[in-house]
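Tertiary structure, described
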Amino acid sequence: MFDRLILTDALVDARGDVVAPRGTVLSAESIAEVARRAAPPARRLLEDTALAGDLAAPLCEPAYRHLFGTEPVREAVRRALLAVRLPDALVDELVAIRAAAPELHVHAVTTAAVAVRILLSVVGSSRALPELAAAALLHDVGMRHVPRRVLRHRDPLGQGDALRIASHPLVGAYHLASVLGAHPAVAAARSHHWRCGQGYPALEGPPSRSVEVISVASAFAALTQPRAFRATVYDARGASDVLAAEAVSGHADANTVKLLVHALRGGRGDPRAIRFGRPREGHGPEIHRYVHVSAPPRSPV
């Protein structure tokens, strides 16, 4: 069971500060412990940071017109994203990702916008929304430590590179816990590749529904954005078909995928009444080399 790992190099943040030394065990227990010890610093609105201008970008993308098709919806999502509060250290992480790996930054911002749209269509403007938006924005921060050559890989990954990918949820969760303490971003980072127990790392139980929303939003964003291993992107219908098939096969939470489809339909009707149909042709790439990363059968500890 892959649920922990030992750092073979020190975990260093974007400022050059050591978050965890080489040899640290990253696990549910160590993540909880570092969260307990954390003294969360002051936070400031994203509206007042260098990231503010990036947050509206997905709202005008033609690929997402079904999600953000009206001005009131776009404004509600934009307000929720600008209301996110982050400490400067994590703003610096996101700025570093934007500079080093722009595609990861676009993925983070799109995931946050999609997650906020799904949540707005179900629960409206709840007080928890900015914290969940922050969690979505930060969920993939562990990918900053994955070499760029791995991100550009077109074919199935070798064992070493697969382990690097499979490690990023634990790396990101530990880093976020050390800064934020107990925060939804920690759970989102650790569980967004769980895939109902078919992914990585192993969890002690299913994540909350709000964290599952971030996982589904992340998968939807990834399917609708360019990747080295496929010829083109999925459109919104094709991406939702892929996720519906994942839900039917037990690799994605079906009720959460229904919430995505509900948002794509404008938030009308009861999401519980949605039934998944068959995938439709012509909404995705003809060449798609991606295979889900298989985590090691046991932790290398």
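Before any of the text, the structure's been laid out above.
We now turn to the structure provided with this report. (Residues numbered from 1 in each chain as written. Predicted model: local features only at pLDDT ≥ 70, side-chain atom pairs only at ≥ 80, totals over all residues. Heavy atoms only, no water.)

1. Points about the overall build of the chain
- Across its full length, the chain carries eleven helices and six strands.
- Computed over its C-alpha atoms, the radius of gyration of the chain comes to 18 Å, within 12% of the 19 Å expected for a compact globule of 301 residues.
- Every one of the 301 residues in the chain was classed for burial, and the buried ones make up 49%.
- By sequence separation, contacts in the chain at least 24 residues apart represent 71% of the contacts at least 6 residues apart.
- The centroid of the 36 positive side-chain charges in the chain is displaced by 4 Å from the centroid of its 29 negative side-chain charges. (Helix = DSSP H or I, 4+ residues; strand = E, 2+ residues; numbered from the N terminus. Rg over C-alpha atoms; globule rule 2.2 N^0.38 Å. Buried < 20%, exposed > 50% of the residue type's maximum accessible area, 1.4 Å probe, protein only. Contact = heavy atoms within 4.5 Å. Lys, Arg positive; Asp, Glu negative; His and termini not counted. Charge placed at Lys NZ, Arg CZ, Asp CG, Glu CD.)

2. Quick notes on the pattern of salt bridges
- Taken as a whole and assessed by the stated rule, the structure comprises 17 salt bridges.
- Its salt-bridge partner being Glu 29, residue Arg 4 comes within 3.2 Å of it at the nearest N-O pair. Separated by 25 residues along the polypeptide, Arg 4 in the segment before β1 (5-6) and Glu 29 in helix α1 (residues 28-37) bring together distant segments of the chain.
- Between Arg 190 and Glu 204 there is a salt bridge whose closest N-O contact spans 2.8 Å. Taken together, the positions of Arg 190 in helix α8 (residues 184-191) and Glu 204 in the loop between α8 and α9 (209-223) put the pair 14 residues apart, joining distant regions of the chain.
- With relative accessibility at 13%, the residue Arg 190 sits in the buried group.
- Residues joined in a network through salt bridges with shared partners are Asp 3, Arg 4 and Glu 29. (Salt bridge = Lys/Arg side-chain N within 4 Å of Asp/Glu carboxyl O.)

3. Quick word on α1
- Taken residue by residue, α1 has Ser 30, Ile 31, Val 34 and Ala 35 as its buried positions. Seen end-on, α1 carries its buried residues on one side only, within an arc spanning 135°. Residues Arg 36 and Arg 37 are exposed on α1 and point more than 90 degrees away from its buried face. (Arc of directions from axis to C-beta.)

4. A short note on helix α2 (residues 71-82)
- In this model, α2 (twelve residues) spans 16 Å end to end at C-alpha, consistent with the 16 Å of a helix rising 1.5 Å per residue.
- For α2, the complete set of buried residues consists of Val 73, Ala 76, Val 77, Ala 80, Leu 81 and Leu 82.
- Elements that come into contact with the buried residues of α2 comprise β5 (44-45), α4 (102-123) and α5 (129-138). (Expected span 1.5 Å × (residues − 1).)

5. Notes on the nonpolar core
- If you look at the biggest cluster of nonpolar residues, it comprises 86 residues, and the most contacted ones within it are Phe 68, Val 77, Leu 86, Leu 176 and Phe 220.
- Examining the composition of this core, we find that eleven residues originate from one element, α4, more than from any other. (Core = buried A, V, L, I, M, F, W, Y, C linked by side-chain atoms within 4.5 Å.)

6. Some thoughts on the side chain of Ser 121
- Assignment of secondary structure puts Ser 121 in helix α4.
- Under the relative-accessibility criterion, Ser 121 is labelled buried at 15%.
- At a separation of 2.7 Å, a polar atom in the side chain of Ser 121 contacts the main-chain carbonyl oxygen of Ile 118.
- When residues no more than four places from it in sequence are discounted, the contact partners of Ser 121 are Leu 259, His 262, Ala 263 and Gly 267. (Polar contact = N/O pair within 3.5 Å; in protein donor to acceptor, adjacent residues only side chain to side chain.)

7. Looking at the packing of α4 against helix α11 (residues 254-264)
- Orientation of α4 relative to α11, taken along the N-to-C sense of each, is 85°, at an axis distance of 9 Å. Judged by the angle between their axes, α4 and α11 are roughly perpendicular. Between α4, through Val 114, Arg 117, Ile 118, Ser 121 and Val 122, and α11, the contact on the second element is made entirely by Leu 259, Leu 260, His 262 and Ala 263. (Axes fitted to C-alpha atoms, helices over the stretch in contact; angles between N-to-C directions. Parallel < 35°, antiparallel > 145°, perpendicular 65-115°, else oblique.)

8. Description of the environment of Glu 47
- Among the structural elements, Glu 47 can be located in the loop between β5 and α2.
- Remark: the alpha-carbon pair of Glu 47 and Ala 108, spanning 61 residues in sequence, is separated by 16 Å.
- The contacts of Glu 47, once residues within four sequence positions are left out, are Ala 52 and Leu 82.

9. Considerations on the packing of aromatic side chains
- The final tally for this structure, using the stated rule, is two aromatic pairs.
- Measuring from ring centre to ring centre gives 6.5 Å for Tyr 64 and Phe 68, while their planes differ by 75°; the resulting arrangement is edge-to-face.
- The buried category is assigned to Tyr 64, whose relative accessible area is 4%.
- Pairwise contacts between aromatic rings join Tyr 64, Phe 68 and Phe 220 into one cluster. (Phe/Tyr/Trp six-rings, centres within 6.5 Å; stacked < 30°, edge-to-face > 60°.)

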